[in-house]
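Single-letter residue listing:
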Amino acid sequence: MSTIRLEQIYGNDADLKAALTDAHLPTDDIKDHGRTFFRARSSDGRAVGFLGVERCGDDFLLRSVVVLPDYRGQELGSVLVERAVAGLDQAGDVFLATTSAAPFFARLGFSEVQRDSVPAAVLATRQLSSICPSSATIMRLTRPPT
């Protein structure tokens with residue numbers, strides 16, 4: 001099921017909110033301005049997951065990555081992240097915060113970084129400034145040189 005298509009949706013999408021709630025991911029700020037969310041669809045049109053991206057100046061915050069329960073274990077999370085990152089401006093860095101998925105993201109090329117090395121615009125997001133606990137792991141994507 002590697003043929004995945006991302007379609008842009010809005011933060012008020014009921015299926016997005018339900019999927020994030022079921023996965024115990026935050027929904028407090030999904031309707032805020034500046035977030036772009038995507039529904040991932042399989043080649044036959046079935047929704048298989050969701051993810052979001054927030055622009056932070058020149059950089060990005062990857063957020064709300066969730067594969068629906070019936071499709072887990074098929075490496076779709078990797079496909080979703082790779083597709084989303086491929087569509088971003090390559091000049092900016094991609095960050096994320098996680099409390100439980102650091103090993104997964106490390107396999108995709110993300111490395112843990114200290115808060116004091118994260119750009120102010122990323123730290124100012126609601127995710128990092130108030131929603132995620134201070135104990136969350138912050139990671140940055142290490143991209144190959146171009």
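All values derive from a computational prediction rather than experimental measurement.

Cut-offs applied
Residues numbered from 1 in each chain as written. Predicted model: local features only at pLDDT ≥ 70, side-chain atom pairs only at ≥ 80, totals over all residues. Heavy atoms only, no water. Helix = DSSP H or I, 4+ residues; strand = E, 2+ residues; numbered from the N terminus. Buried < 20%, exposed > 50% of the residue type's maximum accessible area, 1.4 Å probe, protein only. Disulfide = S-S within 2.5 Å. Core = buried A, V, L, I, M, F, W, Y, C linked by side-chain atoms within 4.5 Å. Contact = heavy atoms within 4.5 Å. Phe/Tyr/Trp six-rings, centres within 6.5 Å; stacked < 30°, edge-to-face > 60°. Polar contact = N/O pair within 3.5 Å; in protein donor to acceptor, adjacent residues only side chain to side chain. Pairing = 2+ DSSP bridges. Axes fitted to C-alpha atoms, helices over the stretch in contact; angles between N-to-C directions.

### Notes on unusual backbone geometry
Here is step 1: Within the chain, His24 stands out as a residue other than glycine whose phi angle is a positive 60°.
Here is step 2: Locating His24 in the fold gives a position in the loop between α1 (14–22) and β2 (35–41).
Here is step 3: Unusually for a residue other than glycine, Ser64 sits at a positive phi of about 55°.
Here is step 4: Mapped onto the fold, Ser64 is located in strand β4 (residues 59–67).
Here is step 5: A relative accessible area of 10% means that Ser64 is categorised as buried.

### Quick look at the environment of Gln114
Here is step 1: For Gln114, the position within the fold is in the loop between β6 (110–113) and α4 (120–123).
Here is step 2: In this structure, the C-alpha to C-alpha distance between Gln114 and Ser64, residues 50 residues apart in sequence, is 21 Å.

### Some remarks on the state of the cysteines
Disulfides are covalent bonds that connect the sulfur atoms of two cysteines.
Here is step 1: The tally for this structure, following the rule as stated, stands at 0 disulfides.
Here is step 2: Left without a disulfide partner, Cys56 is nearest to the cysteine sulfur of Cys132, which lies 12 Å away.

### Quick word on the nonpolar core
Here is step 1: Of all hydrophobic cores here, the largest spans 34 residues; its most connected members are Leu51, Leu62, Val81, Val94, Phe105 and Phe110.
Here is step 2: Aside from chain neighbours lying at most four places away, what touches Leu51 is Leu6, Thr36, Phe37, Phe38, Leu62, Arg63, Ser64, Val65, Leu80 and Ala84.
Here is step 3: Within the second largest apolar cluster, 8 residues are counted, among which are Cys56, Leu61, Phe95 and Val118.

### Considerations on the packing of aromatic side chains
Here is step 1: A full pass over the atoms with the stated rule returns 2 aromatic pairs.
Here is step 2: The interplanar angle of 75° and the centroid separation of 4.9 Å between the aromatic rings of Phe104 and Phe105 together place this pair among those described as edge-to-face.
Here is step 3: Residue Phe104 is classed as partly exposed on the basis of its relative accessible area of 22%.
Here is step 4: Their ring planes at 80° and their centres at 5.7 Å tell us that Phe105 and Phe110 sit as a pair that is edge-to-face. Comparing Phe105 with Phe110, the two get one shared label, buried.
Here is step 5: Ring-pair connections join several aromatic residues into one group, and the members of that group are Phe104, Phe105 and Phe110.

### Describing the side chain of Arg35
Here is step 1: Within the fold, Arg35 resides in strand β2.
Here is step 2: The class for Arg35 is buried, based on a relative accessible area of 15%.
Here is step 3: Among the polar contacts listed, one links the side chain of Arg35 to the backbone oxygen of His33, at a separation of 2.6 Å.
Here is step 4: A polar contact of 3.4 Å, which involves the side chain of Arg35, links it to the side chain of Glu54.

### A closer look at the sheet that holds strand β5 (residues 94–98)
Here is step 1: One open sheet accounts for 7 strands, arranged β1-β2-β3-β4-β5-β7-β6; its pairing is mixed. Each edge of the sheet is formed by a strand with only one pairing partner; in this case those strands are β1 (5–9) and β6. Geometrically, the sheet is characterised by an average inter-axis angle of 35° between neighbouring strands, direction not taken into account.
Here is step 2: When β5 meets strand β7 (residues 137–141), the two strands line up antiparallel, connected through 4 bridges. Each bridged residue has a counterpart across the sheet, and for Ala97 the counterpart in β7 is Ile138.

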